[in-house]
Amino acid sequence: FPPAVFPLSCVVQNYAWGKVGLESEVAKLVASGDPLVQIQPDQPYAELWMGTHPRGDALIQDNRIPQKTLGQWISDNPACLGAKVKDAFQGQLPFLFKVLSVNTTLSVQAHPNKELAAKLHAQFPEHYPDANHKPEMAIALTPFEGMCGFRPVEEIVSFLQNVPELRALIGEVAAEQLERSGSDDPRGVSAALRVCFTRLMKSEKKFFVDQLNMLVKRISQEAAEGKDTSGSNGDLLLRLHSQHPGDIGCFTIYFLNVVRLEPGEAMFLGANEPHAYLHGDCVEIMACSDNTVRAGLTPKFIDVLTLCEMLNYTPAPSSSKIFPAAQSQLDPNVYLYDPPVPDFTVMRIEIPASIKLYLISAMDSASILLVIQGTAVGTSTAAASEMSLHRGSVLFISANESISLHLSSPDGMLLFRACCLL
C-alpha cells in the first residue's frame, strides 16, 4: 500500500499586510518546520496554506510517493477523503487550512452564500472565480483583533452623535431614522442600518476624503492635548488611517464590532457577515473558494454595491461573535470548533506533559494536523516510516488512519487538526 499518512511542506504567501521576518508566527513555524529555510528579516510572511488550493498546493515530503503535491495525490486516491466527504464534495478536499500573521488591516469584506456566489461567478468570473460559498473561522494563536458584524444600534447612534464627520457623510435623514428605530422592530432597525451603511460606503470620494481629514486632524489634536478620544474610537481611527490614508474603510469602525480574541478563542464568519482582520496571529479554516466581496481598506477590486446589498444587517454585541470550543466527550484533551457549516471542523489538541503516549484517533474524514508546540515521534501503520514531529510540522492523515505520538517534550504539545465531520 502507498503511505496514507505523510508530512507536507506548505506554501507561504508574502502579502504586504503580513508580519515581517521572525515577528510573524508563519515565519516562525516555517523556520522551525524546516531548518534549511532562510527567513528574510524585511519580508512579510502573511499566510501559510495547508491544503490543495491551485495557488498553494502543499508538497508531499515522502519520496516513496510518486505524486508531488497533495492535490495530485487526492485526485489519484479520492478514497483517502472518507466515503461521505468524497461523495459530498466531488472528490475534493472541502477546506483550506491556514496560519495568518496580520500586521496591518485586511480589507473590509464579506463572502457570499452559495446562491449569490453562483450568480456573481456567472456575471463577473474575473472577480468571482468560483461558484462556492466561503465561510471562515479564525482561532487566535496570539492576542488577535478583528472587526466582525454590526455593532448594537446604541453604539452606532452614540458615534453618530460624537463624530460629526460621520454624521455629515450619512446625512441627517438617515441618521435620524436609525436614532428613531426601536428595538421592538428588528426589521426596521436592519433597514435603517442598511440605509446608513450604504450611504457611507457610496459617498462621493472628494467629500469623504475631506471629512476623514477633518476627523483625523481633530482627533490628533485632542489626543495631543491629552483628551479622551474613545467616544470617537480615536486610537483605532488613527491606526487605520496611517495604514490606509484616505480610505472609506476607516469609517467602518463606527459600524462594525471590534472583537478581541485571546489564544484559543475563535470567531466564525458565516455568509454575508462583514469583517476585517486587524492584527495578530491565528489559524484559519475556510471552504474552498476565492469569493471575496471587498469595500475598503484595500487596493484590490472593490464592489461596494454588491457588498451593501448582501450584508447581514443584524446588530449584535461583540461578545456574541466569539465562537465557543466544546471539550470532546471522548477525549478531554480535545476541544472542538464545529461551526454550522458542513465544510470544516477544527480540533485543538492540548496534550499535557504528564502524557507520554497519545493516540491521534482515526476518523471518517481526511485531516491535516499542524504542530504549534512540542515534539514527538509519530508512528502509523499507514506511514512509510517514523515521523519526527515538532513545531511547524504539518501532516496529512487519510480517513480511517490513526497516529501514535511518543512525546518527548517537557511541556506537552499543542496541535490543531482540520477535518470535515459530516
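Because the structure is a prediction, the values reported are computed rather than measured. (Residues numbered from 1 in each chain as written. Predicted model: local features only at pLDDT ≥ 70, side-chain atom pairs only at ≥ 80, totals over all residues. Heavy atoms only, no water.)

**A word on the layout of surface pockets**
Part 1 of the reasoning: In this structure, the largest pocket occupies an estimated 690 Å³ of space.
Part 2 of the reasoning: Surrounding the largest pocket, 32 residues form its lining, Tyr15, Trp17, Gln109, Arg294 and Lys300 being those nearest its centre.
Part 3 of the reasoning: Residue assignment for the lining of the largest pocket shows that the elements contributing at least two residues are strand S5 (47-50), strand S7 (95-102) and strand S13 (275-287).
Part 4 of the reasoning: Its residues assigned to classes, the lining of the largest pocket shows 12 nonpolar, 11 polar and 9 charged. (1 Å grid on protein atoms, 1.4 Å probe; cavity = no way out; pocket = protein on both sides within 12 Å on 5 of 7 lines; lining within 4 Å. Points joined across faces, edges and corners; volume = space filled by probe spheres on them. Helix = DSSP H or I, 4+ residues; strand = E, 2+ residues; numbered from the N terminus. Nonpolar A, V, L, I, M, F, W, Y, C, P; charged D, E, K, R; others polar.)

**Things to note about the UniProt feature "active site" (unreviewed entry) in the protein**
Part 1 of the reasoning: As recorded in UniProt, the sites labelled "active site" (unreviewed entry) are Arg294.
Part 2 of the reasoning: Relative to the assigned elements, Arg294 resides in strand S14 (residues 293-296).
Part 3 of the reasoning: The exposure class assigned to Arg294 is buried, which follows from its relative accessible area of 17%.
Part 4 of the reasoning: In contact with Arg294, not counting residues within four places along its chain, are Ser107, Val108, Gln109, Lys300, Phe301, Ile302, Asp303 and Val304.
Part 5 of the reasoning: Within the structure, the side chain of Arg294 is placed 3.4 Å from the side chain of Ser107, a separation counted as a polar contact. (UniProt positions renumbered as here; feature names shortened; annotations may be inferred. Buried < 20%, exposed > 50% of the residue type's maximum accessible area, 1.4 Å probe, protein only. Contact = heavy atoms within 4.5 Å. Polar contact = N/O pair within 3.5 Å; in protein donor to acceptor, adjacent residues only side chain to side chain.)

**Structural notes on the sheet that holds strand S18 (residues 345-351)**
Part 1 of the reasoning: Strand order in the open sheet formed by 8 strands is S6-S1-S23-S20-S25-S18-S17-S16, with antiparallel pairing between adjacent strands. The open sheet is flanked by strand S6 (59-60) and strand S16 (326-327), the only strands paired with a single partner.
Part 2 of the reasoning: The sheet contact formed by S16 and strand S17 (residues 334-337) spans 2 bridges and is antiparallel. Residue pairing in the sheet places Gln327 in a bridge with Tyr335 of S17. (Pairing = 2+ DSSP bridges.)

**Let's talk about the nonpolar core**
Part 1 of the reasoning: In this structure, Phe97, Phe396 and Leu405 are the most contacted members of the largest nonpolar core, which totals 71 residues.
Part 2 of the reasoning: It is strand S25 (residues 413-419) that contributes the most residues to this core, 6 residues altogether.
Part 3 of the reasoning: The residues touching Phe396, leaving out its near neighbours within four places in the chain, are Ala4, Val5, Phe6, Leu8, Leu70, Trp73, Ile74, Cys80, Ala366, Ser367 and Ile368.
Part 4 of the reasoning: By size, the runner-up hydrophobic cluster in this structure holds 54 residues, among which are Ala175, Cys196, Ile219 and Val258. (Core = buried A, V, L, I, M, F, W, Y, C linked by side-chain atoms within 4.5 Å.)

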